[in-house]
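Here are the chains, one letter per residue:
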Amino acid sequence: MEDIVWGKSTQAVPMHLGHDMHRPIGCMVPFGLYFEPQLVRNIGVSLIPETDEETEQILDFKKYSTYINIKEDIDSNNGALYKILKDNLSDDFKYIHSSTLAIFDKGIVAKVFKNLINLKVKDDLIPIKDLLKEFDYKYQGVFVHKKLDLCIYADSFFRRSLSRHNCFHYKFLDEFMSFKDNDEVVLKIAIDWDLIGYAQSLLPTMEFDYWFGPKYSDEIDKIDPGLTKHITTDFERDYYQLSSTEFFWKINKNLREFELEELKESEAPTEVNFYGCRYVHSIYDTNKSTFVHFDGAIRGYDSDLYFERIDQKMTDFGRRSQYKKLFRMDGKIGINDWKSLITHYMQSNPLIYEYFNAEKPKSELEKPKDNISLVEELVPHKIDENEGIKLLLSYHEKNTNYSEHSHSVSIYDVVDNGNGAIDAIEEDIIEVKKAIDRLGKKLFIKEDVLYGNFKDEYWNIPCIFHSAAEPQEDISITIQALKNIFNKLIERHLNSVISFTLAWNMEEKEVRLSSFGHVSDLIKWMNTFTSIPTIRDEFKSWLEKQRTYLNSNYEEFINKPVLKDICQYDGVIYIKRKIIDPLYHAKPIIKDESLICQLQIPTDDRNYDDIIENRIVPVMTYFIKKATCSKTGKSYYDSPYSKYLDDDVHVIIEDFEGLTFYWSDKPVN
């Protein structure tokens, strides 16, 4: 995962609807890894076009990205695939990426592996037992030659939208191949005769499109004979590009025969005037209480024939399609195996679930939003002690600023104080500056910056960039400075939740490493190391140790807080407090010589007990215009003393501006 982020964090990767490479919808910059107890996630920024011009840019980027990826694959193996195949290639061969670097050329497989032709049986299928004498099944539809650095593939019609540019519906193929050593089942498969890959470049595909075998009825012999047609919803038609699916059962003495055909909404993108529809045929023997036959195929239609087909039933239309058999299983096939196989073969067809009265898988676009509590809405960054820490690693373009400083605040918040946008940071960064000063280094902070004071126990420590040629020693100083502060917070029994970010250049990229959690959890974690390696291989090993630490010390505590509520687009963790909405009619008043916030609770049907019972309270924030050190009587920002590091020091706020109220569950007492 780190390799993916490292390679693409300063570039982008195309995004496609339903993982279909022929349906680009934008691009995504996978710039970070987010660590939680028991889980590491890749995160990125998605860019979606809004105009015709931007759509053209996405299409151009898609073409460019494909070219670059193939070129990198060719260069990485010094043209080894071409060298092996050159004597068998026509002038029309093309490189494509298809689980491996591959070459597409008509009939290339038969030229290189001449004996495979002799293995064909009925419907041009090859028995798996014969195929495996020369090839090993690796995974995801790929067969690797036992001696050569070459691989061949299952037929391209096993792929999404029947295209070699897409991934296989590989869960079906892997499950199908899991029967290869089962003596009670005979397997046959169609292979792709026009594609050969370079085996050493094989990598497994990860697609977040899950289809699970549902709990269909086991009472096959009680299903009524006849034809049933299921039609997609508008969303399913657009997303899955399906029109409908027909299911047909017929009885022949002790045999129950099943047929299924899906009707597509669009032509296969790499075929000419061709609607390719998946088809299934199965036979269930009621005497043996098992399926004895299962095969899958593609029924193809030109546009004229297809429009005639969709107006008729499968049983009335007859067998007038271009028919291509893809696989066949004969023997003893258990009901549970058949249910799983048929579901995975028909991946991306939710009507399978509908027909068998099972709950359909829902895309993220279809899922209803969860009801969230008032606390989750108003204090989404809430986290308590012993709930683990969160880490965010992100990579960016190399930082060429701050070369004259060993430590610099490099990311500021931006606010509008009425006179235009101005940089701002939380005032307690001064405590970090003083802690670093005491360790012999200087933290650079811009002069024209506003210092915000927040009256709660949440604290954003801004990104600190370490600009030395070899920054590891300076990072160690920052870590020690933070430990010194955090230990004092714990000593005073403070209940702080803190985010902080350390940054440095590594090779040609800037690294930003953010941490977030309760101060007690943060200090326990930070006490396990004194520095962070800044050489990439060593840093990757260090990251693995942090994953192990989180998994070993905390139970699963995933997405609390919700990732999107604390991870920001600039690749750092940052607590964004929620300003009180106008519907509460908040206003400051003086009560008992103290400034407080007066609220009106809305009169709608929502439960506001968390506010009424003070589990969430209004807390004020403002920008400091003048702050004095209690020990010296001079500006606190110029004082060497610290309210955190020294026991007899505090800050006197003498002037402020920009009073605002926000929600918090951790007000300062």
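Conventions and cut-offs
- Residues numbered from 1 in each chain as written.
- Predicted model: local features only at pLDDT ≥ 70, side-chain atom pairs only at ≥ 80, totals over all residues.
- Heavy atoms only, no water.
- Helix = DSSP H or I, 4+ residues; strand = E, 2+ residues; numbered from the N terminus.
- Buried < 20%, exposed > 50% of the residue type's maximum accessible area, 1.4 Å probe, protein only.
- Contact = heavy atoms within 4.5 Å.
- Lys, Arg positive; Asp, Glu negative; His and termini not counted.
- Charge placed at Lys NZ, Arg CZ, Asp CG, Glu CD.
- pLDDT = per-residue confidence, 0-100.
- Salt bridge = Lys/Arg side-chain N within 4 Å of Asp/Glu carboxyl O.
- Core = buried A, V, L, I, M, F, W, Y, C linked by side-chain atoms within 4.5 Å.
- Expected span 1.5 Å × (residues − 1).
- Axes fitted to C-alpha atoms, helices over the stretch in contact; angles between N-to-C directions.
- Left-handed = near helix turned anticlockwise from the far one by under 90°.
- Nonpolar A, V, L, I, M, F, W, Y, C, P; charged D, E, K, R; others polar.
- Polar contact = N/O pair within 3.5 Å; in protein donor to acceptor, adjacent residues only side chain to side chain.
- Pairing = 2+ DSSP bridges.

1. A short note on the overall build of the protein
Regarding its fold elements, the protein presents 18 helices and 30 strands. Every one of the 669 residues in the protein was classed for burial, and the buried ones make up 52%. In the protein, once contacts between residues fewer than 6 apart in sequence are set aside, the share between residues at least 24 apart is 70%. Distance from the positive charge centre (84 side chains) to the negative charge centre (112 side chains) of the protein: 4 Å.

2. Notes on the confidence of the model for the protein
Put simply, the protein has an average pLDDT of 90, and 96% of its residues get 70 or more. This model gives residues 210-215 a pLDDT under 50, and the stretch forms 22 contacts once residues within four places in sequence are excluded.

3. Considering the pattern of salt bridges
Under the counting rule described, the total for this entry stands at 49 salt bridges. Between Asp423 and Lys446 there is a salt bridge whose closest N-O contact spans 2.2 Å. With Asp423 in strand β21 (residues 421-426) and Lys446 in the loop between β22 (443-444) and β23 (450-454), this residue pair connects regions lying 23 residues apart in the sequence. What emerges from the salt-bridge pattern is a single network uniting Glu246, Glu259, Glu261, Arg299, Arg309 and Arg319.

4. Some points on unusual backbone geometry
Located in the positive-phi region is Gln38, a residue other than glycine, with phi close to 75°. For Gln38, a relative accessible area of 36% corresponds to the partly exposed category. Residues other than glycine seldom take positive phi values, yet Ser289 does so here, at roughly 55°. Note that Ser289 resides in the loop between β15 (275-285) and β16 (290-301).

5. Concerning the environment of Val617
Among the structural elements, Val617 can be located in strand β29 (residues 617-629). Taking the C-alpha atoms as reference points, Val617 and Lys63, 554 residues apart in sequence, are found 53 Å from one another. Not counting the four nearest positions on each side in its chain, Val617 is found in contact with Tyr662, Trp663, Ser664 and Pro667.

6. Quick word on the side chain of Lys488
Within the secondary structure layout, Lys488 lies in helix α14 (residues 472-491). Lys488 gets classed as buried once you look at its relative accessible area, which sits at 18%. Once residues within four sequence positions are removed from consideration, Lys488 is found in contact with Tyr644, Leu645 and Asp647.

7. What about the nonpolar core?
Among the nonpolar cores identified, the biggest contains 91 residues, and Val432, Ile445, Ile461, Phe486, Trp525, Ile532 and Phe539 are the most heavily contacted of them. Counting 75 residues, the second-largest nonpolar core is a separate cluster that includes Ile70, Ile103, Phe143 and Leu173.

8. Some thoughts on helix α2 (residues 52-76)
For α2, which comprises 25 residues, the first-to-last C-alpha distance of 36 Å matches the rise-based estimate of 36 Å (1.5 Å per residue) to within 8%. On the buried face of α2, the contacting elements are β1 (13-16), β2 (24-36), β4 (94-98) and β5 (100-104). One or two positions beyond α2, positive phi appears at Asn78, with a value near 55°.

9. Details of the packing of helix α6 (residues 170-177) against helix α10 (residues 335-345)
In contact at an axis separation of 7 Å, α6 and α10 are set at 145° when each is read in the N-to-C sense. α6 and α10 meet at a crossing whose hand is left-handed. For the pair formed by α6 and α10, the contact residues are Lys171, Phe172, Glu175 and Phe176 on the first element and Asp337, Ser340, Leu341, His344 and Tyr345 on the second. Among the residues making up the contact of α6 with α10, the classes are represented as four nonpolar, two polar and three charged.

10. Section: the packing of helix α13 (residues 429-437) against α14
Following both chains from N to C, one finds α13 and α14 inclined at 120°, their axes separated by 9 Å at the closest point. You can see that α13 and α14 cross each other, and the crossing is right-handed. Residues Glu431, Val432, Ala435 and Ile436 of α13 form the contact with α14, whose own contacting residues are Ile477, Thr478, Ala481, Leu482 and Ile485. Across the contact of α13 with α14, the residue classes tally to seven nonpolar, one polar and one charged.

11. Description of the side chain of His466
Along the chain, His466 falls in strand β24 (residues 458-466). Residue His466 is classed as buried on the basis of its relative accessible area of 1%. Here Ile464 takes part through its backbone oxygen, which lies 3.3 Å from a polar atom of the side chain of His466. A distance of 2.7 Å separates a polar atom in the side chain of His466 from a polar atom in the side chain of Thr478.

12. Things to note about the sheet that holds β23
The strand order across the open sheet built from five strands is β20-β21-β23-β29-β30, with neighbouring strands paired in mixed fashion. Among the strands making up the open sheet, the edge pair consists of β20 (413-416) and β30 (651-664). Adjacent strand axes in the sheet meet at a mean angle of 40°, parallel and antiparallel pairs treated alike. Relative to β23, β21 is paired through three bridges, and the arrangement is parallel. For Ile425, the partnering residue across the bridge sits in β23 and is Tyr451.

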